[in-house]
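Structural overview for review
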Amino acid sequence: MSRTPTPRTLADWQARAAELSFESRAFIDDTFLAAESGDTFESRNPATGELLAQVASCDEPDAARAVAVARRAFADGAWSRLAPGKRKKTLLRLAELMEANKHELALIDTLDMGKPISSSLGDMNGAIACIRYQAECIDKLYGEVAPTGEETLALVLREPIGVVAAIVPWNFPLMMTAWKVAPALAAGNSVILKPSEKSPLSALRLAQLAREAGIPRGVFQVLPGFGHTVGKALALSMEVDCLAFTGSTAVGKQLMQYAGQSNLKRVYLECGGKSPNLVFADCKDLDLVASHAAAAIFHNQGEVCIAGSRLLVENTIRDDFVERVLKAAENMQPGDPLDPDSFMGAIVDEAQHRRILDYIRQGVQEGARLRTGGKAIDGPGLFIPPTVFDGVTPQMTIGREEIFGPVLAVFGFDTEEEAVAMANDTPYGLAAGLWSQDIDRIMRVTRRLQSGQVFVNNWAGGDQTMPFGGVKQSGNGRDKSHHSLEEYSELKSVWMSLQPS
Ligand code: NAD
């Protein structure tokens with residue numbers, strides 16, 4: 001499929017999908033193979049219900065084998081002790097191969113978890129950019145010489161940690177993978193990737209490309225399977241040195257316990273959110289702000305960790321602003337994920353579909369005003385339209401819990417103080433947005449928002465140069481930028497006396 005013309009229409013993408021075949025076995029020790037138990041699980045296209053593949057369901061024995069292989073690869077030094085410039089070359093080759101197979105990779109994610117193809121293509125650009133950035137960083141990161149007396153040479157060296165297990169979610173399957181795998185590999189670690197059981201297929205295609213790029217045997221392995229089986233086995237392993245996790249806060253808490261029960265491995269967590277988006281009455285172009293506010297929640301069907309799921313609007317403009325949001329949402333209806341014009345696609349699976357509809361029911365029961373959406377769309381696929389609730393209060397379930405679906409909760413506020421207090425009244429702290437023309441207010445409010453990232457007069461801005469992560473129960477790690485590279489290395493202090501002393 002590589003280097004074929006760019007698909008442009010629904011028919012082009014459908015034709016590509018028809019000729020696609022999937023690797024569905026685990027990738028251990030440079031070999032694709034079935035799980036030791038022979039067990040498999042189904043991967044289905046949520047837009048059609050079609051069975052895509054029976055995927056190897058790895059468990060504890062597969063984890064133990066992969067960990068032993070990873071340790072051996074780390075010890076033999078073919079990657080861990082390779083000069084950074086050479087690791088860079090291999091990772092850049094991987095990025096090139098991904099670029100050449102970008103349409104196929106995007107198609108796999110769209111078929112596997114239902115996101116629109118336009119969004120998957122954006123994810124591929126993000127994943128490739130991340131691999132390139134981390135590859136380019138690795139031979140520019142210096143150690144230190146400490147300022148000691150001249151009878152001593154004191155060095156601070158950076159070394160890879162060892163075996164890193166990366167456990168990732170399904171909402172941006174390959175991009176979340178790249179955010180973990182790129183810096184961990186660049187730093188010289190052996191990496192075992194456990195993709196989500198809801199979207200395992202692009203990780204296995206990545207394994208094929210990693211082998212082709214020349215990443216040495218055992219340095220990158222992929223174990224598809226469930227969290228409570230193979231994920232837990234990796235997290236409890238005495239031979240895994242670091243867990244790099246993106247997923248829910250509940251599972252993040254479990255992983256910290258597993259680390260405590262085993263070997264105190266490092267645990268980096270990127271968890272959930274209930275992000276506030278604050279709109280002040282001084283904004284000039286309310287239509288533009290409203291369309292951004294709608295996209296902030298409806299992009300990727302609302303299955304986004306930084307979804308702007310709480311819209312806080314100054315009461316003097318609230319009624320008018322909500323009308324504008326409703327108008328913008330009309331143009332964001334779900335459609336065939338393979339149609340390049342679809343803004344939203346299908347919900348990832350039946351469990352998530354049910355969960356979102358349960359939250360919507362609860363919103364109505366608790367007295368929020370349903371302004372649009374709220375019902376599943378008929379059909380074989382799992383589709384929910386943009387749903388907007390107005391008159392939400394901080395006590396309501398839909399105003400507090402992460403829904404992870406296309407459901408917007410609108411709150412009103414009278415003062416800046418009240419807006420900030422409401423924004424921070426959450427256990428999460430992943431993202432926050434602020435729309436205003438008043439620079440004094442922007443400076444004040446930005447500082448006071450308890451959030452890993454604040455978007456001012458935009459939503460979800462950022463590139464590879466900026467760290468991405470949360471505070472409070474949204475996690476403790478940072479993806480992207482050179483800060484993430486530092487997370488995957490240890491500092492070693494070397495105190496050298498020039499004469500024995
Ligand atoms: P999840 O926590 O259910 O699963 C995430 C991963 O953890 C999956 O691979 C799963 O198999 C694995 N897992 C589950 N139980 C496990 C266990 N006991 N031991 C080891 N591994 C286990 O999350 P999800 O439903 O896949 O993804 C949605 C969540 O991810 C949302 O909360 C969302 O906010 C969050 N997320 C956060 C970010 C971020 O950067 N902060 C980005 C994307 C998604």
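Everything below is about the structure shown above.
Residues numbered from 1 in each chain as written. Predicted model: local features only at pLDDT ≥ 70, side-chain atom pairs only at ≥ 80, totals over all residues. Heavy atoms only, no water.

1. Observations concerning unusual backbone geometry
Just so we agree on the cut-off: To qualify as a helix, a DSSP run of H or I must reach at least 4 residues; to qualify as a strand, a run of E must reach at least 2; elements of each kind are numbered from the N terminus. For every residue, the accessible area obtained with a 1.4 Å probe (protein chains only) is divided by the maximum for its type, and the residue is called buried under 20%, exposed over 50%, and partly exposed between those limits.
The backbone phi angle of Asp 29 is positive, close to 55°, even though this residue is not glycine. You can see Asp 29 is positioned in the loop between β1 (26-28) and β2 (31-33). Residue class for Asp 29 comes out buried when judged on its relative accessible area of 12%. For Ser 481, which is not glycine, the phi torsion reads 65° and is therefore positive. As for its placement among the helices and strands, Ser 481 is situated in helix α16 (residues 481-487).

2. Brief notes about the environment of Gly 218
Relative to the helices and strands, Gly 218 is located in the loop between α7 (201-213) and β9 (220-222). On the basis of relative accessibility, which here comes to 2%, the residue Gly 218 falls in the buried class. Gly 218 sits 76 residues away from Tyr 142 along the chain, and the two C-alpha atoms are 27 Å apart.

3. Quick notes on helix α15 (residues 439-448)
Residues spaced three or four apart along an α-helix face the same direction, because each turn holds 3.6 residues. What counts, and what does not: Relevant arc is that of directions from the helix axis to the C-beta atoms, nothing else. Pairs of residues are marked as contacts when any of their non-hydrogen atoms sit within 4.5 Å.
Taken residue by residue, α15 has Arg 441, Ile 442 and Val 445 as its buried positions. Down the axis of α15, the smallest arc covering the buried residues is 100°, so these residues share one side. With respect to the buried face of α15, the exposed residues turned more than 90 degrees away are Ile 439, Asp 440 and Arg 447. Structurally, α15 contributes buried residues whose contacts are with β12 (276-279), α14 (416-424), β17 (431-435) and β18 (453-456).

4. Looking at the site of the ligand
Operational definition: Whether a residue is near a molecule or strand depends on its heavy atoms: it is near if one of them lies within 4 Å of it. Counting of polar contacts relies on pairs of N or O atoms within 3.5 Å, with two restrictions inside protein: one atom must be capable of donating a hydrogen and the other of accepting it, and residues adjacent in sequence are counted only when both atoms are side-chain atoms. Definitions used throughout: a 1 Å grid over protein atoms alone; a cavity as a set of points that fits a 1.4 Å probe which cannot get out; a pocket as an open set with protein on both sides within 12 Å along at least five of seven lines; a lining residue as one with an atom within 4 Å of a point. Those molecules having more than half of their atoms within 2 Å of a cavity or pocket grid point set are described as sitting in that cavity or pocket. Three categories are distinguished: nonpolar for Ala, Val, Leu, Ile, Met, Phe, Trp, Tyr, Cys and Pro, charged for Asp, Glu, Lys and Arg, and polar for the others, with Gly belonging to the last.
Within the structure, the ligand sits among 29 residues, and Val 168, Glu 197, Ser 248, Cys 271 and Glu 402 are positioned closest to it. At 2.6 Å from an oxygen atom of the ligand is found a side-chain nitrogen or oxygen belonging to Glu 197. A distance of 3.4 Å is found between an oxygen atom of the ligand and a backbone nitrogen or oxygen belonging to Gly 247. When atoms are counted within 2 Å of each cavity's grid points, the one that captures over half of the ligand is the largest pocket. When contributions to the shell around the ligand are tallied by element, the ones reaching two or more residues are α8 (227-236), β10 (242-246) and α9 (249-261). In terms of residues, the shell around the ligand owes the most to one element, α9, which gives four residues. Taken together, the residues of the shell around the ligand sort by class into 15 nonpolar, nine polar and five charged.

5. Considering empty space enclosed by the protein
Filter applied, for reference: Grid points are joined across faces, edges and corners, and a volume is the space filled by probe spheres set on the points.
According to the stated counting rule, one finds five cavities of 30 Å³ or more in the structure shown. Considered as a void within the structure, the largest cavity measures approximately 60 Å³ in volume. Every residue lining the largest cavity is counted, 14 residues in all, and those nearest its centre are Pro 276, Tyr 428, Gly 429, Ala 431 and Gln 450. Of all the elements in the fold, those that place two or more residues in the lining of the largest cavity are α14 and β17.

6. Some thoughts on the nonpolar core
Here is the rule: We call a set of buried residues a nonpolar core when its members are Ala, Val, Leu, Ile, Met, Phe, Trp, Tyr or Cys and they connect through side-chain atoms within 4.5 Å of each other.
Grouped together as the largest cluster of nonpolar side chains are 100 residues, with contacts concentrated most on Leu 94, Met 98, Phe 220 and Phe 321. Per-element accounting of this core gives the leading share, ten residues, to helix α6 (residues 173-186). Setting aside residues no more than four positions away along its own chain, Phe 321 makes contact with Val 279, Leu 286, Val 289, Ala 290, Ala 293, Leu 311 and Val 313. Judged by nonpolar contacts, the second largest core, of 29 residues, contains Ile 356, Leu 357, Met 396 and Val 445.

7. Topic: the sheet that holds strand β6 (residues 152-160)
Applied cut-off: When DSSP finds two or more bridges between a pair of strands, those strands are recorded as paired.
One open sheet holds the three strands; their spatial order is β5-β6-β19, and the pairing between them is antiparallel. In this open sheet, the two strands that pair with only one neighbour each are β5 (144-145) and β19 (489-497). As paired elements, β5 and β6 share two bridges and run antiparallel to each other. Bridging from a neighbouring strand, Glu 144 pairs with Val 156 of β6.

8. Points about the packing of aromatic side chains
What counts here: Centre distance within 6.5 Å is the pairing criterion for rings of Phe, Tyr and Trp, where only the six-membered ring of Trp is used; planes under 30 degrees apart are then read as stacked, over 60 as edge-to-face, and the remainder as tilted.
Here the structure, examined in full by the defined rule, presents seven aromatic pairs. Relative to Phe 404, the ring of Trp 170 lies with its centre 5.3 Å away and its plane at 80°, an arrangement referred to as edge-to-face. With Trp 170 in the loop between β7 (163-167) and α6 and Phe 404 in the loop between α13 (397-400) and β16 (407-413), this pair connects stretches of sequence that are 234 residues apart. Each member of the pair, Trp 170 as well as Phe 404, is classed as buried. With a centroid separation of 6.0 Å and an interplanar angle of 75°, the aromatic rings of Tyr 268 and Tyr 488 are classed as edge-to-face. In this pair, Tyr 268 sits in strand β11 (residues 266-270) while Tyr 488 sits in the loop between α16 and β19, placing the two residues 220 residues apart along the sequence. For the pair Tyr 268 and Tyr 488, one class covers both residues: buried.

9. Remarks on helix α4 (residues 102-113)
Condition: Take the residue count of a helix, subtract one, and multiply by 1.5 Å to get its expected span.
Look at α4: 17 Å from first C-alpha to last across twelve residues, which is about the 16 Å you get at 1.5 Å a residue. Buried within α4 we find Lys 102, His 103, Glu 104, Leu 105, Ala 106, Leu 107, Ile 108, Asp 109, Thr 110, Leu 111, Asp 112 and Met 113. At the C-terminal side of α4, Gly 114 shows a positive phi close to 90°.

10. Brief notes about the layout of surface pockets
To locate leftover empty space, one rolls a probe as large as a water molecule over the atoms. When its volume is computed, the largest pocket comes out at roughly 890 Å³. Taken together, the elements giving at least two residues each to the lining of the largest pocket come down to α8, β10, α9 and α12 (350-365). In terms of residue count, α9 provides more of the lining of the largest pocket than any other element does, seven residues in total. Residue composition of the lining of the largest pocket, by class: 16 nonpolar, 13 polar and ten charged. Surrounding the second largest pocket, 33 residues form its lining, Ile 306, Ala 460, Gly 461, Gly 462 and Phe 468 being those nearest its centre.

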